[in-house]
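Take a look at the letters that make up each chain.
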Amino acid sequence: MLKSGAPERHAKQQVRKRILALRSAMTQKEYQERNRALSANLARLECVTNASHVMAYLPMASRKEADITEVIARLYKTGVTVSVPVVRDKHLEPCLYRPGDQLSRGSFGEPEPSVFTPVSSLPDAVIVPVVAADRNGGRIGYGAGYYDRFFSSVKAGFQSLPLAIGIAFELQLVDGIATDHWDHRLDIVVTEKEIITM
């Protein structure tokens, strides 16, 4: 495993670049097929379907992030409180989301509700988009550290943490990811082929 610091950051950047290129290279048909299979696996997770509050991302289709909007809509219909992460003052905050809400573009081009409505409850599960993940809960995101800071702030103020569920296509799975002490590990990774529990 690489030591913490510049070499590790360089290694993460290389993995990020390689995986994003692989994901972008998927045909639209392949992307849709993988999305359907991944969503079916995600919908099987009782820790998601039985949750009171789930924070989930709205996908950036231009980046071919896994599209879980059907699962989000299903959760909402069954009475689960759904929030999406919104960047405010350099921190992620859960914003109430109802399918059909008017959306605008966030700071990185991500879809988010046009009107910010805070959610008072802590999510039971946080569905996290990943660029790359390993089978030990290691994760590489886009490099801004928003999710790591979110979990760190929750840890400081609450007894228990929400489950961190990483969403990735199988092509985004890599061998051991070197992590820093501030990196928050995933509890579960869901792909179109399997559910990996740590």
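Our subject in this report is the structure included herewith. Since we're looking at a predicted model, the values are computed, not measured. (Residues numbered from 1 in each chain as written. Predicted model: local features only at pLDDT ≥ 70, side-chain atom pairs only at ≥ 80, totals over all residues. Heavy atoms only, no water.)

Quick notes on unusual backbone geometry
At step 1: The backbone of Asp-89 sits at a positive phi, close to 50°, despite the residue not being glycine.
At step 2: With respect to the helices and strands, the residue Asp-89 is situated in the loop between β2 (81-88) and β3 (91-96).
At step 3: Not every positive phi belongs to a glycine, and Lys-90 is a case in point at roughly 70°.
At step 4: Mapping Lys-90 onto the fold places it in the loop between β2 and β3.
At step 5: Using a relative accessible area of 63% as the deciding quantity, one classes Lys-90 as exposed. (Helix = DSSP H or I, 4+ residues; strand = E, 2+ residues; numbered from the N terminus. Buried < 20%, exposed > 50% of the residue type's maximum accessible area, 1.4 Å probe, protein only.)

Describing the sheet that holds β2
At step 1: Here seven strands make up an open sheet; going across it, the order is β3-β2-β1-β6-β9-β10-β11 and the pairing mixed. The open sheet has two free edges, formed respectively by β3 and β11 (195-197), since each of these has just one partner strand. Neighbour-to-neighbour, the strand axes of this sheet turn through a mean angle of 25°, independent of strand direction.
At step 2: Of the pairings in the sheet, the one linking β2 to β3 comprises six bridges and is antiparallel in character. Of the residues in β3, the one forming a bridge with Val-84 is Cys-95. (Pairing = 2+ DSSP bridges. Axes fitted to C-alpha atoms, helices over the stretch in contact; angles between N-to-C directions.)

A short note on the nonpolar core
At step 1: By size, the foremost hydrophobic cluster in this structure holds 46 residues, and its most contacted members are Leu-42, Ile-68, Ile-127, Ile-165 and Ile-167.
At step 2: Every residue in contact with Ile-127, bar those within four places of it in the chain, is listed here: Leu-42, Val-48, Val-54, Met-55, Ala-56, Tyr-57, Ile-68, Tyr-147, Ile-165 and Ile-167.
At step 3: In terms of nonpolar packing, the next biggest core, distinct from the first, is built from six residues, Ile-19, Val-131, Ala-132 and Ile-177 among them. (Core = buried A, V, L, I, M, F, W, Y, C linked by side-chain atoms within 4.5 Å. Contact = heavy atoms within 4.5 Å.)

Comments concerning the packing of aromatic side chains
At step 1: Under the definition given, this model contains three aromatic pairs.
At step 2: Note on Tyr-31 and Phe-169: the rings are 6.1 Å apart at their centroids and 80° apart in plane angle, and the pair reads as edge-to-face. On the criterion of sequence distance, the pair formed by Tyr-31 in helix α2 (residues 28-43) and Phe-169 in the loop between β9 (163-167) and β10 (188-190) is long-range, its members being 138 residues apart.
At step 3: Looking at Tyr-31, the relative accessible area reads 5%, which means it is buried.
At step 4: Judged by relative accessible area, Phe-169 falls into the buried class, the value being 0%.
At step 5: For the pair Phe-108 and Tyr-146, a centre-to-centre distance of 5.7 Å together with 65° between the ring planes defines the contact as edge-to-face. Here Tyr-146 lies in helix α5 (residues 146-157) and Phe-108 lies in the loop between β4 (103-105) and β5 (111-113), a separation of 38 residues in the sequence.
At step 6: On the accessibility criterion, Tyr-146 (17% relative accessible area) is buried.
At step 7: Across from the ring centre of Phe-116, 4.0 Å away, lies the NZ or CZ of Arg-88, which sits over that ring. (Phe/Tyr/Trp six-rings, centres within 6.5 Å; stacked < 30°, edge-to-face > 60°. Lys NZ or Arg CZ within 6 Å of the ring centre and 35° of its normal.)

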